Amino acid sequence: MPILFCSLELFLPYSHSLKDKRRVMRGTADRLRSRFNFSISEIGYQELWQRGRLGAVSIGPDRMTLERLADQFRRECERTLGGELVEFSVQMIEFE
């Protein structure tokens, strides 16, 4: 059973407090979660105002299905986040 893990690193230049940052991170996670079958959480840079990292995980029936899902997810992230998305990485994990 394949597991898809996506990591999104964000730069938030207009965030001036942790409260601003958390609002943006929560909104981003909620928006992506509503469109895709992913579990999404903030996984890094919790104490920095202008940087954030989200982790998104999904489990699927086969690798090809998850690869298509990863491509769709990446395109949506690039479309909605624009210049705020600094890095996007994908890992496929095989679990028996």
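This one's a predicted model, so the numbers in the text were calculated from it and none came from an experiment.

Colleague: I'd love a proper account of the overall build of the protein, names of residues and values included.
Modeller: Along the protein, the regular secondary structure elements total two helices and four strands. Residue burial in the protein is summarised as follows: out of 96 residues, 35% are buried. Considering only contacts in the protein between residues 6 or more positions apart, those separated by 24 or more positions represent 71%. Summed over its atoms, the accessible surface of the protein is roughly 5900 Å², and 52% of this surface lies on carbon and sulfur atoms.

Colleague: Tell me about a nonpolar patch on the surface, and name the residues and values.
Modeller: A surface patch of nonpolar side chains, amounting to about 320 Å² of accessible area, comprises Met-1, Ile-59 and Phe-95. A residue is classified by how much of its surface remains accessible, and Phe-95, at 47% relative accessible area, is partly exposed.

Colleague: Could you give an account of unusual backbone geometry, naming the residues involved and the relevant values?
Modeller: Leaving glycine aside, a negative phi is the common case for residues, and trans is the common case for peptide bonds. In this structure, Tyr-45 is a non-glycine residue whose phi angle is positive, near 60 degrees. Inspection of the secondary structure puts Tyr-45 in the loop between strand 2 (39-44) and strand 3 (51-59). Residue class for Tyr-45 comes out partly exposed when judged on its relative accessible area of 29%.

Colleague: Lay out the nonpolar core with the relevant residues and their values.
Modeller: Counting 21 residues, the largest nonpolar core has Cys-6, Leu-8, Phe-38, Ile-40, Phe-73 and Cys-77 as the members making the most contacts within it. Looking at this core, the element that brings in the most residues is helix 2 (residues 63-81), giving six residues. Once you skip the residues sitting within four places of it in the chain, Ile-40 turns out to touch Ala-29, Leu-32, Arg-33, Leu-54, Gly-55, Ala-56 and Phe-73.

Colleague: Please give an account of helix 2 that cites residues and values.
Modeller: The terminal C-alpha atoms of helix 2, which comprises 19 residues, lie 26 Å apart, in line with the 27 Å expected from a rise of 1.5 Å per residue. Among the residues of helix 2, Leu-66, Leu-69, Ala-70, Phe-73, Glu-76, Cys-77 and Leu-81 are the ones counted as buried. Angularly, the buried residues of helix 2 cover 135 degrees about the axis, an arc narrow enough to put them on a single face. In this structure, helix 2 carries Met-64, Arg-75 and Arg-79 as exposed residues pointing more than 90 degrees from its buried face. Buried residues along helix 2 sit in contact with strand 1 (2-11), helix 1 (18-35), strand 2, strand 3 and strand 4 (85-94). Of the residues that open helix 2, the one with a side-chain oxygen 3.2 Å from the backbone nitrogen of Met-64 is Asp-62.

Colleague: Could you give an account of the pattern of salt bridges, with specific residues and numbers?
Modeller: If the charged atoms of two oppositely charged side chains come close together, the side chains can form a pair. In total, this model carries nine salt bridges according to the counting rule given. The salt bridge partner of Arg-51 is Glu-9, with a shortest N-O separation of 1.7 Å. Of the two residues, Arg-51 is situated in strand 3 and Glu-9 in strand 1; the sequence distance between them amounts to 42 residues. Overall, Glu-9 belongs to the buried group, its relative accessible area being 6%. Salt bridges linked by common partners bring Glu-9, Arg-51 and Arg-53 together as one network.

Conventions we followed
- Within every chain, residues take consecutive numbers counted from 1 along the sequence as written.
- This being a predicted model, a pLDDT of at least 70 is required before a residue's local features are given, and a value of 80 or more before pairs of side-chain atoms are given or counted; all residues contribute to the totals for chains, interfaces and linings.
- The side-chain quantities take in all heavy atoms of the structure and omit both hydrogens and water.
- A run of DSSP states H or I qualifies as a helix once it reaches four residues; a run of E qualifies as a strand once it reaches two. Both are numbered from the N-terminal end.
- Exposed residues in this analysis have more than 50% of their type's maximum accessible area, buried residues have under 20%, and partly exposed residues fall in between, with area computed by a 1.4 Å probe over protein chains only.
- The criterion used for residue contact is that any of the two residues' heavy atoms lie within 4.5 Å.
- Surface exposure here means Shrake-Rupley accessible area, sampled with a 1.4 Å probe, where a residue is shielded only by the protein chains that are shown.
- Nonpolar side chains (Val, Leu, Ile, Met, Phe, Trp, Tyr) within 5 Å and like charges within 9 Å form the patches, drawn only from residues with over 30% relative accessible area and no salt bridge.
- Each reported salt bridge corresponds to a side-chain nitrogen of Lys or Arg within 4 Å of a carboxyl oxygen of Asp or Glu.
- Among buried residues, those of type Ala, Val, Leu, Ile, Met, Phe, Trp, Tyr and Cys that are joined through side-chain atoms within 4.5 Å constitute a nonpolar core.
- Expected helix span is given by 1.5 Å per residue-to-residue step, counting one fewer step than there are residues.
- By arc we mean the arc of the directions from the helix axis to the C-beta atoms, nothing more.
- Nitrogen and oxygen atoms within 3.5 Å of one another constitute a polar contact, given that in protein one can donate a hydrogen and the other can accept it, and given that sequence-neighbouring residues count only through two side-chain atoms.

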